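What the coordinates show
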Amino acid sequence: MSVSPPLALPYLAAYPAALQDQVHSLLAQPQGARDWLLKRHPTPHALRTDKALFGYVDALKSSFLRKAGTLHKVVYDNKLHVVRNALGTHTRRSVVQGSRLNTRHEIRIAALFRQAPEAFLRMITVHELAHLRELEHDKAFYALCTHMEPDYHQYEFEVRLYLSHVEAGGARLWGESI
């Protein structure tokens, strides 16, 4: 009887080996990751449309980043996770309007999160909103993320665990996902 090598965890590669070992043991159990995630987050959020998502993101921006640039577009993107291997993107585009140069900010969130817990959506949203002020993923960026969402790092870990669960062949947990 041969023992198969442990599953590679690309979403958790930067985490300590001891934590990766715990995730391996959780994924090795038939319903381990599924049960743990559903216990922490039993229900999905209700923001299914792009309009509802825009309102949610804009409210967060208004609460924490009042003086940051205006959001022009916030949408779920069906191709984002597959094409760019990203969970969300923030793009800024310069547009000439008369003699002025304006910046248009767009946030796209992977459609995978259309039916996910609100905590996961909030983590992705906070991450993308932080790019309005901080371009690089540095100490100031993550400080801003934890200012907007104190549990940011825990939610990020849980999202990475969920993605590892799905990649290991587990079912999507919060309904039909794209």
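As a starting point, this report considers the structure included with it. (Residues numbered from 1 in each chain as written. Predicted model: local features only at pLDDT ≥ 70, side-chain atom pairs only at ≥ 80, totals over all residues. Heavy atoms only, no water.)

Focus on the pattern of salt bridges
A side chain with one charge can pair with a side chain of the opposite charge if their charged atoms come near. According to the stated counting rule, one finds six salt bridges in the structure shown. A salt bridge links Arg-34 to Asp-35, with the nearest nitrogen and oxygen atoms 2.9 Å apart. On the basis of relative accessible area, Arg-34 is assigned to the partly exposed category, the value being 33%. According to the relative accessible area criterion, Asp-35 is partly exposed, its value standing at 41%. We note a salt bridge from Arg-108 to Glu-106, for which the minimum N-O separation is 3.8 Å. Salt bridges sharing partners connect three or more residues here, namely Asp-77, Glu-106 and Arg-108. (Salt bridge = Lys/Arg side-chain N within 4 Å of Asp/Glu carboxyl O. Buried < 20%, exposed > 50% of the residue type's maximum accessible area, 1.4 Å probe, protein only.)

A few points about the environment of Gly-169
Mapping Gly-169 onto the fold places it in the segment after α7 (152-167). Assessed through its relative accessible area of 67%, Gly-169 is described here as exposed. Gly-169 sits 104 residues away from Leu-65 along the chain, and the two C-alpha atoms are 39 Å apart. (Helix = DSSP H or I, 4+ residues; strand = E, 2+ residues; numbered from the N terminus.)

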